[in-house]
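# Close look at the chain arrangement
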Amino acid sequence: MTASRHSSGTSPEGSRPGASFSASSDSPATTPGGAGAARGLTRRRLALGSVGLLAAVGLSACGADSGDDGGAEASGSAGASSSAKAPGVTVSPTADASMVNPVDPVVVTTDAGTLTDVTVTASSSGEKAEGAIGKDGTEWRSAKPLAFDETYTVDYTARSGDRDTTGQSVFSTVDAAHEADVSMNVKDGQTYGVWQVVEFNFSEPVSAKDAVEKAISVEGAHKDGAFRWYSDQKLRFRPSEPWTPRSTVKVSANILGTDLGNGNKTVSFTTGPEQRAYVDNNAKTLVAYVDGKETGTWPVTLGDAEWPSTTGKKVILEQAASYKFNAGSLNLKPGDSHYYPPFDASNVSRLTWSGEFVHQALPSAYPVLGVANVSHGCVGMPPEGASYIYNTFRPGDMVEVVNTNYPQADPDDGLGDWNIPFQHYADENWHGNW
């Protein structure tokens, strides 16, 4: 919906730590796509066993019990006078099962007597899986996730009276091609504004979406929140209200994958003060607030009639002291009425991936600040105003633009999630004014 406003041909100078700019304004390093990137995506309902996530999704092991011995090779021995029942043994996963989820436990049970010995051995390494026999002696259960793409051999012995049952069972876990990695848009130990939205990007399409949501926990700085899927590989979480200022948020994704070290991925970040800016096209001003108190007002210029600024609530995505703008990204050439020579903008705060920024206006625009709109959708400010926003605000802070008589940017063209009423946030089919 929103055309790209500016782009960069070089890396930014003086980029703020934890908020790196991409090589071009419409190809961010941390979040794919531009305006409408998620719109119209067709959900691919692929079977979880072939391509979906394999973490904490409640999968049972492949196959079903094939009898008392679980399909394993078993042998019994007893004295001629014994009346004890030869113990039956069940192994899960069953013999010859494949594509087993490594997070599912190995369970060996007997229906008579007790288990006396159980070992689960990885074929490639010889490593023994950790586990223990329960107090009543009838069940052995593994204690930790297994390895991907591995074949395991289960050897067991059970005894009832003077009768023994021994056996062996073999199964294999899912291969590496079916692992799923997840990355987040927040970094451990960083500080963000209270409007920060947490995004999860998965390396494989997700079919079991409800199970994946249950595998993610978000703790601290909020009372309640909700998830919203923008595609089969992009999930976001936002609280119902802004995060509590100066607090800690802990995000855990209990999902197995190569980037996660076959375990959990946890990120903790802190929130700063509550900071927002209000940009009114009618007054052509930007008013800044910190913890509810007005801290400054500056005249601005917004997008002109042919390149209007989008309205709505926009979260600062990243910042740089200097960033190159190039009209060529808009297919503008020298001689076009809207062409401008490439220049390095100062004190830049990105609002959308398609190219809306708050930045210091060029000197040629100073006379029209607070009077007329001459930009390509950006919020142009005087030097002192742009410097204040860059030095005081941070990624996760809010800039709201009103009265441009133009729709909002698509919510995934940046972090426009706060334009969605919370009661509709989880409904990915709900559509607002964009």
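What comes next is a walk through the structure. (Residues numbered from 1 in each chain as written. Predicted model: local features only at pLDDT ≥ 70, side-chain atom pairs only at ≥ 80, totals over all residues. Heavy atoms only, no water.)

### Considerations on the sheet that holds strand 18 (residues 275–280)
One open sheet holds the five strands; their spatial order is 20-19-18-26-21, and the pairing between them is mixed. Taken across any chain shown, the strands that pair with only one partner, and hence form the sheet edges, are strand 20 (293–299) and strand 21 (312–315). Across the sheet, the mean angle from the axis of one strand to that of its neighbour is 20°, orientation sign disregarded. (Pairing = 2+ DSSP bridges. Helix = DSSP H or I, 4+ residues; strand = E, 2+ residues; numbered from the N terminus. Axes fitted to C-alpha atoms, helices over the stretch in contact; angles between N-to-C directions.)

### Thoughts on the sheet that holds strand 17 (residues 265–271)
The strand order 11-17-16-13 describes an open sheet built from four strands, whose pairing is mixed. On the outer flanks of this sheet lie strand 11 (191–192) and strand 13 (216–219), each paired with one strand and no other. Summarising the sheet, strand 16 (residues 248–253) and strand 17 pair through six bridges and their orientation is antiparallel. Across the sheet, the residue bridging to Ser 252 is Thr 266, located in strand 17.

### Some words on the packing of aromatic side chains
Geometrically, a pair of aromatic rings is defined through the distance of the ring centres and the angle of the planes. Under the definition given, this model contains 14 aromatic pairs. A ring pair is formed by Tyr 323 and Phe 357, whose centres lie 5.4 Å apart and whose planes are at 45°; its orientation type is tilted. Placement of the pair is Tyr 323 in strand 22 (residues 318–325) and Phe 357 in strand 24 (residues 357–360), with a sequence separation of 34 residues. By the burial criterion, Tyr 323 is buried, and Phe 357 matches it. An angle of 45° between the planes, with centres 5.1 Å apart, marks the rings of Phe 325 and Phe 357 as tilted. (Phe/Tyr/Trp six-rings, centres within 6.5 Å; stacked < 30°, edge-to-face > 60°. Buried < 20%, exposed > 50% of the residue type's maximum accessible area, 1.4 Å probe, protein only.)

### Quick look at the side chain of Asp 397
Following the sequence through the fold, Asp 397 ends up in the loop between helix 2 (383–392) and strand 26 (398–402). Within the local environment of Asp 397, its side chain forms a polar contact with the side chain of Gln 275, the two groups lying 2.7 Å apart. Sequence-distant contacts of Asp 397, that is, excluding residues within four places in its chain, are made with Gly 193, Val 194, Trp 195, Pro 273, Gln 275, Lys 314, Val 315 and Ile 316. (Polar contact = N/O pair within 3.5 Å; in protein donor to acceptor, adjacent residues only side chain to side chain. Contact = heavy atoms within 4.5 Å.)

### Things to note about the nonpolar core
By size, the foremost hydrophobic cluster in this structure holds 38 residues, and its most contacted members are Phe 200, Phe 202, Ile 216, Trp 243, Val 251 and Phe 269. Looking at this core, the elements that each hand over two or more residues are strand 10 (182–184), strand 12 (198–202), strand 13, strand 14 (225–231), strand 15 (234–239), strand 16 and strand 17. Counting residues per element, this core draws most heavily on strand 14, at four residues. Leu 286, Leu 351, Val 358 and Phe 393 belong to the second largest nonpolar core, which has 19 residues in total. (Core = buried A, V, L, I, M, F, W, Y, C linked by side-chain atoms within 4.5 Å.)

### Regarding the pattern of salt bridges
Applying the stated criterion across every chain, the model contains 12 salt bridges. Note that Lys 144 is salt-bridged to Glu 130, the shortest N-O span being 3.4 Å. One end of the pair, Lys 144, is in the loop between strand 7 (139–142) and strand 8 (151–160); the other, Glu 130, is in the loop between strand 5 (114–122) and strand 6 (131–133), with 14 residues separating them in the sequence. When its relative accessible area of 45% is taken as the criterion, Glu 130 is described as partly exposed. Salt-bridge contacts for Asp 232 lead to Lys 209; the nearest nitrogen and oxygen are separated by 2.8 Å. (Salt bridge = Lys/Arg side-chain N within 4 Å of Asp/Glu carboxyl O.)

### Quick notes on unusual backbone geometry
With an omega of 10°, the peptide bond running from Ser 92 to Pro 93 counts as cis. Within the element layout of this structure, Pro 93 appears in the loop between strand 3 (89–92) and strand 4 (107–110). The phi dihedral of Arg 246 is positive, around 55°, even though this residue is not glycine. Relative to the elements of secondary structure, Arg 246 occurs in the loop between strand 15 and strand 16. Residue class for Arg 246 comes out exposed when judged on its relative accessible area of 54%. With a phi angle near 65°, Asn 403 is a residue other than glycine that sits in the positive phi range. Within the element layout of this structure, Asn 403 appears in the segment after strand 26.

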